[in-house]
Amino acid sequence: MLRDYQQRAIDQLYEWFAQNTEGHPCLQLPTGSGKSHIVAALCKDALQNWPETRILMLTHVKELIEQNAEKMLTHWPGAPLGIYSAGLNRWDLSQPITFGGIQSLRKRANEIGHIDLVIIDECHLINHRDEGGYRRLIEQLTETNPDLRVIGLTATPYRLGHGLITERHVKTNKDGEVIIDDPPLLTHIIEPVTIEELIELGYLAPLRSKKTDISVSVEHVRKRGGEYREDELIDAMANFDTAGAVRETLERAADRRSLLFFCTGVDHALQTRDLLRDLGVTAEAVLGDTPKAERTAILQQFKSGELRAITNNNVLTTGFDAPDTDCIAFLRPTLSPSLYMQMAGRGMRIKSHCSDCLVLDFANLVMTHGPVTNVDPGNTPGAGEKPAKTCLNENCRELNPLNAKVCSACGTPFPEPEEKPLTLSEIDIMGIEQPKAPPPPPPPYLEKYVTGWAWTVYTSRASNREMLMVSYYSDAFDAGVREYITLGYPGYAGKKALRTIADIARRAGVDAGQDMGLAEIAAAMNAAQPPSLIRYNVDGKFYRVESREWKTQNTLSSEISSNGSEDRSREQFESLLFPTEGTVH
């Protein structure tokens, strides 16, 4: 069973393909959103509706090939899939769905033959220039099937030193003449769900960041290809107080059980492991040349709690899932926003023993790229950042939003701000105000059986901006539950409203196009079938609708019969919800 946003992703893909005969979309899905389930459902739907469809799913490492295939079979037992990967010693191209490695398949277009759909996992690795394995293979497959469509999947739709993967690659000479003008392979980004929404829904855990006492200096490290030069970065880390960073991590993470260290270079990962062991911490290092069996054993020990810490050198960024990781230490500076997000994403899985993951940013990555909810894809320092301040309690040092009056972690009050310009020195990694710890449990939902609704355009007195307002009624004497939908607003509020209205329209059978104004949407909704049941909470003087259900008469009648009603009988409810022909309410 797909989650609402997973089904929304598939619906938005179909809608995009229906409206665009050219180009290829990129599906932006945060780490932990369950993209493998979306892919499985999409493949299953395509093959059941068009049995002759042939699908090729590509990625760059054997671990992801194996993992994606396993999850496909979990979601769709008996799925007709084959695997083509030299690393896995599998060579099957005979099935309708092929999971393959780009290194193994990039020169095999003739053997692959006709393909209808190519799905590329970690698609931010596609070359921004018109070259490379992915682009050559797609070009050759398109010669066989001009109607070939491509879908990219990534949590980070941007490329090192280039920006969004949907932007053209243009290069000029010293005279300003264009010498390279390569169009992108993926032309549009579809974002069905955000990190904020997944946290709000309880599918991801938030990160909490602390200001560290020491940090890495990259002042004299030069760049190559948009990234720090590896040799000079390793030299810079030789002058960094790694022992001090390890001690600070253990002090700040005294109550944390699973520590993940991202290090700079093989020697640094081994050094960090040894420093942890010297302080009595069970620790291992995972490196690029660690044998597969040994790596599997180490990761299993980490997940089970036998190991408290793992250090690694750019290995555990993709294809690694240890949900109970509750502390991450960044000891690896990078100018890559994708690498930053991949490292941070290791801590955002829901945990069995705590509500969040502590991030200790010794490498100043948040300052470089911004919070994870608003990463700067162009490597512009300071872009998208949200100012923060550090708790004055030396035993806490939590990073809080700049407007916080008390610390969200320990409750220590902040002094009144002085009348002077504010400077940005610390950044909250989430970029959103976090609840005081521990957050109170949510109140129980209220339920309301609905017989009608009324949509209108409402103008906010506070902002003078227009929005949609819908009132849900049980009968003519009901004051109604009002919901405000801030469609067209900037930022997260507008994105959330767009998803809300799209979900309501889909379930109510309304064709709400993107070119419709608020009044047109309200009119279309007023003519449509309202939900039969809503669940909501009261937040001060406002209502917060948590869910809406459209149910059949038999299902709803059964629920009303079993649950009862304070105000009316089952027969009265049925007459209101399912009036006979000619009845007017």
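Look above for the structure.
A short tour of the structure in this document, coming up. (Residues numbered from 1 in each chain as written. Predicted model: local features only at pLDDT ≥ 70, side-chain atom pairs only at ≥ 80, totals over all residues. Heavy atoms only, no water.)

### Section: the overall build of the protein chain
Next up, step 1: Tallying secondary structure elements over the protein chain gives 17 helices and 28 strands in all.
Next up, step 2: By the burial criterion, 50% of the 585 residues in the protein chain qualify as buried.
Next up, step 3: Put simply, 67% of the contacts in the protein chain that link residues at least 6 apart link residues at least 24 apart.
Next up, step 4: Total accessible area on the protein chain is roughly 28,700 Å²; 49% of this is exposed by carbon and sulfur atoms. (Helix = DSSP H or I, 4+ residues; strand = E, 2+ residues; numbered from the N terminus. Buried < 20%, exposed > 50% of the residue type's maximum accessible area, 1.4 Å probe, protein only. Contact = heavy atoms within 4.5 Å. Areas by Shrake-Rupley, 256 points an atom, 1.4 Å probe, with all protein chains shown as cover.)

### Let's talk about empty space enclosed by the protein
Next up, step 1: Inspection of every chain in the model, using the stated rule, returns 2 cavities of 30 Å³ or more.
Next up, step 2: The volume enclosed by the largest cavity comes to roughly 60 Å³.
Next up, step 3: Cys123, Ile126, Asn127, His128, Arg135, Arg159, Ile165, Glu167, Pro184, Leu185 and Leu186 are the residues that line the largest cavity.
Next up, step 4: A class-by-class count of the residues in the lining of the largest cavity yields 6 nonpolar, 2 polar and 3 charged.
Next up, step 5: Empty space within the second largest cavity amounts to approximately 30 Å³.
Next up, step 6: Around the second largest cavity sit Leu13, Leu27, Ile38, Val39, Leu42, Ile119, Ile151 and Leu153, which together line it. (1 Å grid on protein atoms, 1.4 Å probe; cavity = no way out; pocket = protein on both sides within 12 Å on 5 of 7 lines; lining within 4 Å. Points joined across faces, edges and corners; volume = space filled by probe spheres on them. Nonpolar A, V, L, I, M, F, W, Y, C, P; charged D, E, K, R; others polar.)

### Concerning a nonpolar patch on the surface
Next up, step 1: Side chains of Leu446, Val538 and Tyr543 sit close together on the surface and give an oily, nonpolar patch of about 250 Å² of accessible area.
Next up, step 2: With respect to the helices, strands and loops of the structure, tyrosine 543 is situated in strand S28 (residues 542-549).
Next up, step 3: We classify tyrosine 543 as partly exposed; its relative accessible area is 34%. (Patch = residues over 30% accessible without salt bridge, like charges linked within 9 Å, V, L, I, M, F, W, Y side chains within 5 Å. Salt bridge = Lys/Arg side-chain N within 4 Å of Asp/Glu carboxyl O.)

### Remarks on the packing of aromatic side chains
Aromatic ring pairs are reported here in terms of the distance separating the ring centres and the angle at which the planes meet.
Next up, step 1: One pass over the full model with this rule turns up 11 aromatic pairs.
Next up, step 2: Ring centres 5.4 Å apart and planes at 85° place the aromatic pair tyrosine 84 and tryptophan 91 in the edge-to-face group.
Next up, step 3: A relative accessible area of 6% means that tyrosine 84 is categorised as buried.
Next up, step 4: Between tryptophan 453 and tryptophan 550, the aromatic rings sit 6.4 Å apart at their centres with planes inclined by 75°, giving edge-to-face as the arrangement. Of this pair, tryptophan 453 sits in strand S24 (residues 452-459) while tryptophan 550 sits in the loop between S28 and helix H16 (553-563), placing them 97 residues apart in sequence.
Next up, step 5: With relative accessibility at 23%, the residue tryptophan 550 sits in the partly exposed group. (Phe/Tyr/Trp six-rings, centres within 6.5 Å; stacked < 30°, edge-to-face > 60°.)

### Some thoughts on the side chain of asparagine 145
Next up, step 1: Following the sequence through the fold, asparagine 145 ends up in the loop between helix H6 (133-144) and strand S7 (149-154).
Next up, step 2: According to the relative accessible area criterion, asparagine 145 is buried, its value standing at 6%.
Next up, step 3: Non-local contacts of asparagine 145, meaning those with residues more than four positions away in its chain, are made with His114, Ile115 and Asp116.

### Looking at helix H9 (residues 242-252)
Next up, step 1: Among the 11 residues that make up H9, 8 are buried, leaving the element largely enclosed by the rest of the structure.
Next up, step 2: Of all the residues in H9, the buried ones are Thr242, Gly244, Ala245, Val246, Glu248, Thr249, Leu250 and Arg252.
Next up, step 3: Here the buried face of H9 lies against strand S13 (207-210), helix H8 (230-238), strand S16 (259-262), helix H10 (266-278), strand S19 (327-330) and strand S20 (357-361).

### A word on the pattern of salt bridges
Next up, step 1: Applying the stated rule across the entire model yields 31 salt bridges.
Next up, step 2: As a salt-bridge pair, aspartate 255 and arginine 256 come within 3.8 Å of each other at their nearest N and O atoms.
Next up, step 3: For aspartate 255, a relative accessible area of 64% gives the class exposed.
Next up, step 4: Given a relative accessible area of 14%, arginine 256 falls into the buried group.
Next up, step 5: Residues joined in a network through salt bridges with shared partners are Asp11, Asp503, Arg506 and Arg507.

### Structural notes on the environment of aspartate 241
Next up, step 1: Relative to the assigned elements, aspartate 241 resides in the loop between H8 and H9.
Next up, step 2: For aspartate 241, a relative accessible area of 38% corresponds to the partly exposed category.
Next up, step 3: Taking the C-alpha atoms as reference points, aspartate 241 and isoleucine 214, separated by 27 residues in sequence, lie 7.9 Å from one another.
Next up, step 4: Sequence-distant contacts of aspartate 241, defined by excluding residues within four places in its chain, comprise Ile214 and Arg247.

### A short note on H8
Next up, step 1: Three or more residues of H8 are buried, namely Glu232, Leu233, Ala236 and Met237. Across the axial projection of H8, the buried residues extend over an arc of 145°, all falling on one side. Turned more than 90 degrees away from the buried face of H8, the exposed residues are Asp235 and Ala238.
Next up, step 2: As for H8, its buried residues are in contact with strand S15 (227-228), H9 and H10. (Arc of directions from axis to C-beta.)

So, to be careful, I would describe these as geometric facts and stop short of saying anything about function.
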